[in-house]
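What follows is each chain in one-letter form.
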Amino acid sequence: MTIVHHPSEETLIAFVNGSLCEGNSLVVATHIAHCGKCQQAIRDLGMIAGGLLEQAEPAPIGKEARTACLSKLDDLPVEDVNAGTQPLRIPAADRAMAPLSLYDSGKWHWVGVGVQQMVVDVPSDTGTRVFVLKAAPGTRLPDHRHVGTEWTCVLKGAFVHDHGRFGAGDFDEADASVDHNPFVEKGEECICLVAMNGHVEMTGWLGRLIQPLVRF
Amino acid sequence: MHGPSGDAPADQAPEELIARIALSQDKSAFAELFDLFAPRLKYFLIRNGSTSEAAEELAQEALLKVWRKAKSFSADRGTASSWIFTIARNLRIDQARRDKRAQLYAMVAEFDDVDPDRPDELVSGYEHARLVRAAMGELPAEQLEVVKCSFMEGAAHSEIAERLGIPLGTVKSRLRLAMRKMKKTLEDLA
Ligand SMILES: [Zn+2]
């Protein structure tokens, strides 16, 4: 599998920093699970974050707080490493779906001609909705415009739009600047994990007609 | 041994201090690590938006977790400082909102598929840290500032542009230049 489209550096830094909401983190993590390059990239970014920490200007800790902290060590064992405390090693073949498998999801339902949606249960207080979209081969999604952001990681199959071809593992960071009409490649259905902030506006008369049905 | 002020450079690399804790529950190693990292974590957390009290609390909590988990640190997977950063980040997001992000991070950190551009990595975390530090030291101040805003505050490029009063394109190009330089250092090792 050759991955062409990766999250931007800004997005990877925000992921490492912990400033992405959970829904966006899930889609980025799913890309990373597919992508050796980004697995390495986040290790590098973690290293750089550590370097910045080492060089951060110290903000003094009160003497009493320090003493209190050190006095806690007597009752605090250094834990042994055993199977229970180590994350399970996930075999390479199962990695791609591993992040998504942490979450429950609903049932498939039709949201348009040839398109099914399954909501992923990611509790959100930031208004991000996460879902899996399954589109039949050759489906042309209605022309639409993004208000807010829509991050997608392809799980299976491929779609194509103005910015190129997106196959399994590829990451698509669409925002208000993208005005596109994606279509699914012929031959195989396309399944994508999507995190959406804001909403999508259908353009063209057909899109406006089905918008109430699609509601994403 | 250092006093509580803790801004003297460490006699020992933090990786070795953690090893001493893991090996013999060495409290003086912990004290040294505390003086080195707790005040810096506090600063980092304040820059990330915590109040001074909350940052101090979280920094201590993070260091106590370093003590408890010392045996699971492995220097060939990363540097001590990146590990401590990760612990503090996970505590921070868990405190803000109990969700599954820490699980996601733990999961992706374990993945080690081959990077086609960089097949093998044989350098210790300690060596990494030294080189990252050196590369960072060579960055022009204006680039370092943008790197700090991105990493410490998690600020979006547009926010950084607004705060520093520079165009968005300048933020992007400064960050790109800085990242390229630091990554080049890491890539040259492979
Ligand atoms: Zn990638």
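Residues numbered from 1 in each chain as written. Chains lettered and ligands numbered in written order. Predicted model: local features only at pLDDT ≥ 70, side-chain atom pairs only at ≥ 80, totals over all residues.

(A) Geometry of the overall build of chain A. Each helix and strand in chain A was counted, giving six helices and 12 strands. Looking at the 216 residues of chain A, the share that counts as buried comes to 40%. Within chain A, contacts between residues at least 6 apart in sequence are counted, and of these 71% link residues at least 24 apart. (Helix = DSSP H or I, 4+ residues; strand = E, 2+ residues; numbered from the N terminus. Buried ≥ 20, exposed ≤ 12 C-beta atoms within 10 Å, placed from the backbone. Contact = placed C-beta atoms within 7 Å.)

(B) Quick look at the overall build of chain B. Within chain B one finds nine helices and zero strands. Taken from N to C terminus, the helices and strands of chain B fall in the order α-α-α-α-α-α-α-α-α. For chain B, with 190 residues in total, the buried portion stands at 44%. For chain B, long-range pairs separated by at least 24 residues make up 64% of all intrachain contacts whose partners lie at least 6 apart in sequence.

(C) Structural view of the sheet that holds strand 11 (residues 190-196) of chain A. Residues and elements named next belong to chain A. A sheet is described by the order of its strands in space; here six strands give the open sequence 1-2-3-11-5-8, paired in antiparallel fashion. The open sheet has two edge strands with one neighbour each: strand 1 (109-112) and strand 8 (171-174). Pairwise comparison of adjacent strand axes, ignoring direction, gives a mean angle of 30° for this sheet. Note that strand 3 (residues 129-135) and strand 11 share seven bridges and pair antiparallel. Bridge pairing links Ala135 to Cys190 in strand 11. Here helix 2 (residues 22-34) sits on the sheet and contacts strand 3, strand 5 (150-156), strand 8 and strand 11; the angle it forms with strand 11, its principal contact strand, is near 145°. (Pairing = 2+ DSSP bridges. Axes fitted to C-alpha atoms, helices over the stretch in contact; angles between N-to-C directions.)

(D) Region of interest: the interface of chain A and chain B. Listed per partner, the contact involves 59 residues of chain A and 72 residues of chain B. Taken together, the elements giving at least two residues each to the side of chain A that touches chain B come down to helix 1 (9-17), helix 2, helix 3 (36-55), helix 4 (63-71) and helix 5 (92-95) of chain A. The biggest single contributor to the side of chain A that touches chain B is helix 3 of chain A, with 17 residues. Here the side of chain A that touches chain B is composed, by residue class, of 31 nonpolar, 13 polar and 15 charged. (Nonpolar A, V, L, I, M, F, W, Y, C, P; charged D, E, K, R; others polar.)

(E) Up close: the confidence of the model for chain B. Residues and elements named next belong to chain B. Scored by pLDDT, chain B comes out at a mean of 85, with 88% of its residues at no less than 70. Every residue in residues 1-10 scores below 50 in pLDDT, and together they form 16 contacts with partners more than four places removed in sequence or on other chains. Here the predicted complex carries an ipTM of 0.88, next to a pTM of 0.88. (pLDDT = per-residue confidence, 0-100.)

(F) Main features of the domain arrangement of chain B. Residues and elements named next belong to chain B. What the domain assignment lists for chain B is domain 1 (14-110) and domain 2 (125-189). Distance from the C-alpha centre of domain 1 to the C-alpha centre of domain 2: 22 Å. By residue class, the composition of the side of domain 1 that touches domain 2 is two nonpolar, four polar and four charged. (Domains from an automatic or database assignment.)

(G) Broad picture of unusual backbone geometry. Residue and element names in this part refer to chain B. If you check the backbone angles, Gln25 has positive phi at about 45° while not being a glycine. Take Gln25: it is sitting in the loop between helix 1 (14-24) and helix 2 (27-47). The class for Gln25 is partly exposed, based on 16 C-beta atoms found within 10 Å.

(H) Representation of the pairing of strand 2 (residues 115-119) of chain A within the structure. All names here are of chain A. The pairing of strand 1 with strand 2 spans three bridges and is classified as antiparallel. Bridging across to strand 2, Trp110 finds its partner in Gln116. What sits between the antiparallel neighbours strand 1 and strand 2 is a turn of two residues, in which Gly114 has the positive phi angle 75°.

(I) Spatial organisation of the pairing of strand 11 of chain A. Residues and elements named next belong to chain A. Counting buried positions along strand 11 yields six of seven residues, so the element is predominantly enclosed. Across six bridges, strand 5 lies against strand 11 in antiparallel orientation. Note that in strand 11 the partner of Lys156 across the bridge is Ile191.

(J) Quick peek at helix 3 of chain A. When the terminal C-alpha atoms of helix 3 of chain A are compared, their 29 Å separation across 20 residues agrees well with the 28 Å that a helix rising 1.5 Å per residue should span. Burial of helix 3 of chain A is extensive: 17 of the 20 residues sit out of reach of the surface. (Expected span 1.5 Å × (residues − 1).)

(K) Representation of the sheet that holds strand 7 (residues 164-166) of chain A within the structure. Strand order in the open sheet formed by three strands is 7-6-10 (chain A), with antiparallel pairing between adjacent strands. Among the strands making up the open sheet, the edge pair consists of strand 7 and strand 10 (183-184) of chain A.

(L) Local environment of the nonpolar core. All names here are of chain B. Grouped together as the largest cluster of nonpolar side chains are 100 residues, with contacts concentrated most on Leu33, Ala62, Leu63 and Ile84. Ranked by residues supplied to this core, first place goes to helix 2 with 12 residues. When residues are assigned to domains, this core turns out to be shared by domain 1 (14-110) and domain 2 (125-189), each giving three or more. (Core = buried A, V, L, I, M, F, W, Y, C linked by C-beta atoms within 7 Å.)

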